[in-house]
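Listed below are the residues making up each chain.
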There are 2 protein chains.
Amino acid sequence: MNRLREHIEAITPLTDEEFEYVKTFFTLRKVRKNQFLIHDGDEVKYEFLVLDGIYKVYYIDENGKEHILQFAKKNWWMSDYIGFFKQQNSKMFIECLKEGEVVSLTLEGRNKLAADLHKMDHFFRIKLTNGYIALQQRIMMLLSGTPQQRYEEFVRLYPDLISEVPKKYVAEYLGVSRETLSRLYSNTNK
Amino acid sequence: MNRLREHIEAITPLTDEEFEYVKTFFTLRKVRKNQFLIHDGDEVKYEFLVLDGIYKVYYIDENGKEHILQFAKKNWWMSDYIGFFKQQNSKMFIECLKEGEVVSLTLEGRNKLAADLHKMDHFFRIKLTNGYIALQQRIMMLLSGTPQQRYEEFVRLYPDLISEVPKKYVAEYLGVSRETLSRLYSNTNK
């Protein structure tokens, strides 16, 4: 749980007593490769903070096509946030691409933590602010980003993932063909 | 300023004393049609809560093409949030389509309010949560929404705007041609 404390304290320092209380809301889980943390159609009980490993958050549209919403790695949060916040069933899958560990938190736990500790309300607000910025950047990339810009944004967001995630998923996230991705990749590494 | 109080109290009740303090951070502004609240290249000093009127938040890409990020109406917040939170110059324009009033808040004011009053930290966190959900829905629409689904989403988000915003802007927001929009519009109103 030291990694959880470090993650929170990067935003707001906690006393030992406060952290003892905070950590009672989190549950540590080991995750194997190809294991699903959230499955389309299930109740969304948790959000997850990644301590280790690589994860893919995606959904499948009416025509059976897969769309990747995000990848997640150490210190990223992930869930089907529409389902989580609205307490609806999931439209997303979260699949583990490389084994690791996560801590999970329920919505009830999140709300209680935020109500009890102003510091945690602050922490969640800052995290949401960063998430909001990331989503707005994604929208601008989808509306007007060239393949080159989308690729550069990906490398900026996930500098260590380009070599760890299968190329087909990177291409899918970027909305480009695998041939275009190979060209972008070799252009950038010249 | 009663409208500001009602807006905040829809999420968290405030005492008279608390609201007297809160309102000192906000400045009321009347806005004329075609006036810009934020202009590409300017410092992003404020975020705005709409009390009245209709506004368009958009940017122009490298090829001179306009992209609409959102419309805003009563009780919606708007800014170039990347510029606002990161204190960078704006990449966005906010233009008034129908005259009205807004209240403005600085980032410094926002942070001080959130630090001084746990209730306001809570308020901003809930607003950010709703904004996060809306952006994620927009991303899913951009990735996989059919024109019909995009149109229905627009009507759900902005039920009263479809008749007030020029059709060319609605078509641009949806990423469809004006012919397709006319077809969607007449299908839905049969």
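So, how was this worked out
Residues numbered from 1 in each chain as written. Chains lettered and ligands numbered in written order. Predicted model: local features only at pLDDT ≥ 70, side-chain atom pairs only at ≥ 80, totals over all residues. Heavy atoms only, no water. Axes fitted to C-alpha atoms, helices over the stretch in contact; angles between N-to-C directions. Helix = DSSP H or I, 4+ residues; strand = E, 2+ residues; numbered from the N terminus. Parallel < 35°, antiparallel > 145°, perpendicular 65-115°, else oblique. Left-handed = near helix turned anticlockwise from the far one by under 90°. Contact = heavy atoms within 4.5 Å. 1 Å grid on protein atoms, 1.4 Å probe; cavity = no way out; pocket = protein on both sides within 12 Å on 5 of 7 lines; lining within 4 Å. Points joined across faces, edges and corners; volume = space filled by probe spheres on them. Nonpolar A, V, L, I, M, F, W, Y, C, P; charged D, E, K, R; others polar. Least-squares fit on C-alpha atoms with pLDDT ≥ 70 in both. Buried < 20%, exposed > 50% of the residue type's maximum accessible area, 1.4 Å probe, protein only. Pairing = 2+ DSSP bridges. Polar contact = N/O pair within 3.5 Å; in protein donor to acceptor, adjacent residues only side chain to side chain. UniProt positions renumbered as here; feature names shortened; annotations may be inferred. Phe/Tyr/Trp six-rings, centres within 6.5 Å; stacked < 30°, edge-to-face > 60°. Lys NZ or Arg CZ within 6 Å of the ring centre and 35° of its normal. Buried area = accessible area lost by both parts, 1.4 Å probe. Salt bridge = Lys/Arg side-chain N within 4 Å of Asp/Glu carboxyl O.

**Remarks on the packing of helix H6 (residues 147-157) of chain B against helix H8 (residues 178-188) of chain B**
All names here are of chain B.
Here's step 1: Where H6 meets H8, the closest approach of the two axes is 10 Å, and the angle between their N-to-C directions is 65°. The angle between the axes of H6 and H8 places the two elements in the roughly perpendicular class. As for how H6 packs across H8, the hand of that crossing is right-handed. Judged by residue contacts, Pro-147, Gln-148 and Tyr-151 of H6 engage Thr-180, Leu-181, Leu-184, Tyr-185, Asn-187 and Thr-188 from H8.

**A word on the layout of surface pockets**
Here's step 1: In this structure, the largest pocket spans a volume of roughly 870 Å³.
Here's step 2: Lining the largest pocket are 36 residues, with Tyr-132 of chain A together with Trp-76, Asn-130, Gly-131 and Ala-134 of chain B positioned closest to its centre.
Here's step 3: Taken together, the elements giving at least two residues each to the lining of the largest pocket come down to helix H5 (118-144) of chain A together with strand E3 (46-60), strand E4 (66-72), helix H3 (81-86), helix H5 (118-144), H6 and helix H7 (167-174) of chain B.
Here's step 4: Here the lining of the largest pocket takes 13 residues from H5 of chain B, the largest share from any one element.
Here's step 5: Taken together, the residues that form the lining of the largest pocket break down as 21 nonpolar, 7 polar and 8 charged.
Here's step 6: As a volume, the second largest pocket reaches approximately 700 Å³.
Here's step 7: For the lining of the second largest pocket, the secondary-structure elements that each account for two or more residues are strand E5 (66-72), helix H3 (81-86), H5, helix H6 (147-157) and helix H7 (167-174) of chain A together with H5 of chain B.
Here's step 8: Per element, the largest residue contribution to the lining of the second largest pocket is 10 residues, and it comes from H5 of chain A.

**Here we look at the relation of the copies chain B and chain A**
Here's step 1: Superposing chain B onto chain A takes a rotation of 180° combined with a translation of 0.0 Å along the rotation axis, leaving an RMSD of 0.0 Å. In short, the pair behaves as if placed about a two-fold rotation axis.
Here's step 2: A symmetric contact is evident, with 100% of the interface residues of chain B recurring at the interface of chain A.

**With respect to the pairing of strand E6 (residues 93-106) of chain B**
Residue and element names in this part refer to chain B.
Here's step 1: Among the 14 residues in E6, 11 count as buried, and that is most of the element.
Here's step 2: As paired strands, strand E1 (residues 27-31) and E6 are joined by 5 bridges and run antiparallel to one another. The residue bridging Lys-30 from the neighbouring strand is Glu-101, located in E6.
Here's step 3: Of the strand pairs in this sheet, strand E2 (residues 36-38) and E6 are connected by 2 bridges, and their pairing is antiparallel. Following the sheet pairing, Ile-38 is matched in E6 by Ile-94.

**Looking at the side chain of His-7 of chain B**
Here's step 1: When you line up the elements, His-7 of chain B lands in helix H1 (residues 2-9).
Here's step 2: At a separation of 2.9 Å, a polar atom in the side chain of His-7 of chain B contacts the side chain of Trp-77 of chain B.

**Topic: the UniProt feature "domain: Cyclic nucleotide-binding" (unreviewed entry) in chain A**
Here's step 1: Under the present numbering, the feature "domain: Cyclic nucleotide-binding" (unreviewed entry) in UniProt falls on residues 29-109 of chain A.
Here's step 2: A distance of 17 Å separates the end C-alpha atoms of residues 29-109 of chain A, which is 11% helix and 49% strand.

**What to know about the packing of aromatic side chains**
Here's step 1: Scanning the entire structure with this criterion turns up 38 aromatic pairs over all chains.
Here's step 2: With a centroid separation of 4.9 Å and 25° between ring planes, the pair formed by Trp-76 of chain B and Tyr-158 of chain B is classed as stacked. Note that Trp-76 of chain B is positioned in the loop between E4 and strand E5 (77-78) and Tyr-158 of chain B in the loop between H6 and H7, a separation of 82 residues in sequence.
Here's step 3: The class for Trp-76 of chain B is partly exposed, based on a relative accessible area of 23%.
Here's step 4: Take Tyr-158 of chain B: its relative accessible area is 1%, and that puts it in the buried class.
Here's step 5: One aromatic cluster is present, formed by Phe-71, Trp-76, Phe-154, Tyr-158 and Tyr-173 of chain A through successive ring pairs.
Here's step 6: Lying across the ring of Phe-124 of chain A, Arg-110 of chain A places its NZ or CZ 4.3 Å from the centre.

**Details of the interface of chain B and chain A**
Here's step 1: Of the residues lining the interface, 37 residues belong to chain B; the matching set on chain A comes to 37 residues.
Here's step 2: Between chain B and chain A lies a buried interface of about 3900 Å² when both sides are counted; carbon and sulfur atoms form 69% of it.
Here's step 3: Area buried by chain B at its contact with chain A is led by Arg-125, Tyr-132 and Leu-143 of chain B, which between them contribute 19% of it.
Here's step 4: Taken together, the connections running from chain B to chain A amount to 2 salt bridges.
Here's step 5: Linking Asp-121 of chain B and Arg-125 of chain A is a salt bridge whose minimum nitrogen-to-oxygen distance equals 2.4 Å.
Here's step 6: Scanning the region where chain B abuts chain A turns up 12 residue pairs in polar contact (both at pLDDT 80 or more).
Here's step 7: Contributing elements (two or more residues each) for the side of chain B that touches chain A: E4, H3, helix H4 (107-116) and H5 of chain B.
Here's step 8: Take the side of chain B that touches chain A: its biggest share by element is 19 residues, from H5 of chain B.
Here's step 9: By residue class, the composition of the side of chain B that touches chain A is 19 nonpolar, 10 polar and 8 charged.

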